[in-house]
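Letter by letter, the chains look like this.
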Amino acid sequence: MKIAGWLGDRILVVFPDSSCLFDPSTTNWIALDGDPVASGSSVVPTWSDGVTWAGAHDQTLVVGGAGPVHSASAPPKAVWLAQWGIWDGQLLRSISGAGYVIPLIEADVRLGDDGALTERPLPAGYVLVAALGEGGSALLRSTLDVTDPGALSRPFTLFLWDGAAPTPSAVAARVNEVSDSTTGLAWVAVDYAFHEIRADGSLGSSIGGWDPRVSTAVVAPDGSVIIRRPLDGSSMEIEDVATGTRVMVSEACGALWWHASDLACLVSPDPSVGGAWHLVTWERGRAVQVVALH
């Protein structure tokens, strides 16, 4: 069981035998149109750009949710297929409201909401981290940074490419992670504090520092909320950046999914005692909501 993201104001939850949308405002469940899980497809929803969902398996990419379900096959002789295979040929990253991109390969390969697959080269020696909207600009990192999955945990230098220059420009060194932003180009964690990348490629002031020896942290796309969790993931602290107000959640949530500053995550049952999965949602100004999934 997993969350694939938000479709509008609803959360897309993938069960072993079906995919459903959960409406936090009403706590109602709605069947997903064109659900590939219910039809037995090997490609299931894994990501959402807020408008559609997408998934990938064995060089096949599928996108749906805004009309008919579309599929595309990766070119069999594409040089980036071997790199994609390092990540089991399933890794995608959404471009807010504008489709999907395959990260950590030496090409800019995008899957549109209409199922169209496009490819263009990157400057030599770089792999794609994130595509920045529908234009040609993108965030890159050195190919040497991603020789194996373990390399992803090490700090790296992040570069900004305008889509035309022969080489990208360095944005920041000692980068720990990159995440989506709805107010700038992206959020970047440098030395374990968040900075927003402005439109001109400069970094904004830092917010939300944390100690990596005891916790991890993520920032909402609009920068209004920061989540901190202990390394064992046993709980999380939700901080409102503007007011400093903090809310503690005792549940051991998995991956976090954002819709503006709204949050969703899944809590798996303790294998030693069993029980139901739980869906945890939170909206600013409201209490944490926990729903058992039966």
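Scope of this entry: the structure provided in the associated data block. Since the structure is predicted, the reported quantities are computational estimates derived from the model, not experimental observations. (Residues numbered from 1 in each chain as written. Predicted model: local features only at pLDDT ≥ 70, side-chain atom pairs only at ≥ 80, totals over all residues. Heavy atoms only, no water.)

Examining the overall build of the protein
Line of reasoning, step 1. Check the secondary structure of the protein and you find 1 helix and 26 strands.
Line of reasoning, step 2. For the protein, whose C-alpha radius of gyration is 19 Å, the value lies close to the compact-globule estimate of 19 Å for 294 residues.
Line of reasoning, step 3. Seen through its principal axes, the protein has C-alpha atoms that stretch 55 × 45 × 35 Å.
Line of reasoning, step 4. In the protein, buried positions account for 49% of the 294 residues.
Line of reasoning, step 5. Each charge sign in the protein was given a centre, from 16 positive and 32 negative side chains, and these centres are 6 Å apart. (Helix = DSSP H or I, 4+ residues; strand = E, 2+ residues; numbered from the N terminus. Rg over C-alpha atoms; globule rule 2.2 N^0.38 Å. Buried < 20%, exposed > 50% of the residue type's maximum accessible area, 1.4 Å probe, protein only. Lys, Arg positive; Asp, Glu negative; His and termini not counted. Charge placed at Lys NZ, Arg CZ, Asp CG, Glu CD.)

Digging into the packing of aromatic side chains
Line of reasoning, step 1. Going through the model one piece at a time under the given rule, you end up with 6 aromatic pairs.
Line of reasoning, step 2. A ring pair is formed by Phe-22 and Trp-29, whose centres lie 4.9 Å apart and whose planes are at 50 degrees; its orientation type is tilted.
Line of reasoning, step 3. One aromatic cluster in this structure is built from Phe-15, Phe-22 and Trp-29.
Line of reasoning, step 4. Note that Arg-141 overlies the ring of Phe-156, its terminal NZ or CZ placed 3.6 Å from the centroid. (Phe/Tyr/Trp six-rings, centres within 6.5 Å; stacked < 30°, edge-to-face > 60°. Lys NZ or Arg CZ within 6 Å of the ring centre and 35° of its normal.)

So, the sheet that holds strand E21 (residues 236-240)
Pairing between sheet strands relies on hydrogen bonds along the backbone, with the strands arranged either parallel or antiparallel.
Line of reasoning, step 1. Spatially, 4 strands are ordered E19-E20-E21-E22 in an open sheet, and the strand pairing comes out antiparallel. The outermost strands of the open sheet, each flanked by one partner alone, are strand E19 (215-219) and strand E22 (246-249). Pairwise comparison of adjacent strand axes, ignoring direction, gives a mean angle of 20 degrees for this sheet.
Line of reasoning, step 2. As paired strands, strand E20 (residues 225-230) and E21 are joined by 4 bridges and run antiparallel to one another. In the sheet register, Val-225 faces E21, and the bridge partner there is Asp-240. (Pairing = 2+ DSSP bridges. Axes fitted to C-alpha atoms, helices over the stretch in contact; angles between N-to-C directions.)

A look at the nonpolar core
Line of reasoning, step 1. Within the largest apolar cluster, 17 residues are counted, with the highest numbers of intra-cluster contacts made by Leu-61, Trp-80, Trp-84, Ile-102 and Leu-111.
Line of reasoning, step 2. Mapped by element, the contributors of at least two residues to this core are strand E6 (53-57), strand E7 (60-64), helix H1 (81-86) and strand E11 (107-111).
Line of reasoning, step 3. With 3 residues, the single largest contributor to this core is E11.
Line of reasoning, step 4. Setting aside chain neighbours within four positions, we find Ile-102 in contact with Leu-61, Trp-80, Trp-84, Leu-91, Leu-92, Ala-107, Val-109 and Leu-128.
Line of reasoning, step 5. One finds Val-129, Ala-130, Leu-132 and Val-178 within the second-largest nonpolar core, a separate group that totals 15 residues. (Core = buried A, V, L, I, M, F, W, Y, C linked by side-chain atoms within 4.5 Å. Contact = heavy atoms within 4.5 Å.)

Some remarks on the pattern of salt bridges
Line of reasoning, step 1. Considering all chains together, one arrives at 9 salt bridges under this definition.
Line of reasoning, step 2. Here Arg-246 makes a salt bridge to Glu-239, at a shortest N to O gap of 3.7 Å.
Line of reasoning, step 3. Classification of Glu-239 as buried rests on a relative accessible area of 12%.
Line of reasoning, step 4. Shared partners join several salt bridges into a network, and the residues in it are Arg-228, Glu-237, Glu-239 and Arg-246. (Salt bridge = Lys/Arg side-chain N within 4 Å of Asp/Glu carboxyl O.)

Description of the pairing of strand E3 (residues 19-23)
Line of reasoning, step 1. Taken across its 5 residues, E3 has 5 buried, putting it largely inside the fold.
Line of reasoning, step 2. By the alternation rule, side chains of E3 split into Ser-19, Leu-21 and Asp-23 and Cys-20 and Phe-22, which are all buried.
Line of reasoning, step 3. As judged from the 4 bridges shared by strand E2 (residues 10-14) and E3, these two strands associate in the antiparallel manner. Counted as the bridge partner of Val-14 is Ser-19 from E3.
Line of reasoning, step 4. Following E2, the chain reverses through 4 residues before pairing antiparallel with E3.
Line of reasoning, step 5. The hairpin formed by E3 and strand E4 (residues 28-31) contains 4 residues between the paired strands, and Thr-27 there has a positive phi angle of roughly 60 degrees.

Side note on the environment of Ser-41
Line of reasoning, step 1. Checked against the element boundaries, Ser-41 lands in the loop between E4 and strand E5 (47-48).
Line of reasoning, step 2. Taking C-alpha positions, Ser-41 is 9.9 Å from His-57, a pair spaced 16 residues apart along the chain.
Line of reasoning, step 3. Among the polar contacts made by the side chain of Ser-41, one reaches the main-chain amide nitrogen of Val-43 at a distance of 3.1 Å. (Polar contact = N/O pair within 3.5 Å; in protein donor to acceptor, adjacent residues only side chain to side chain.)

Without other data, these values stay purely geometric and don't point to any function.
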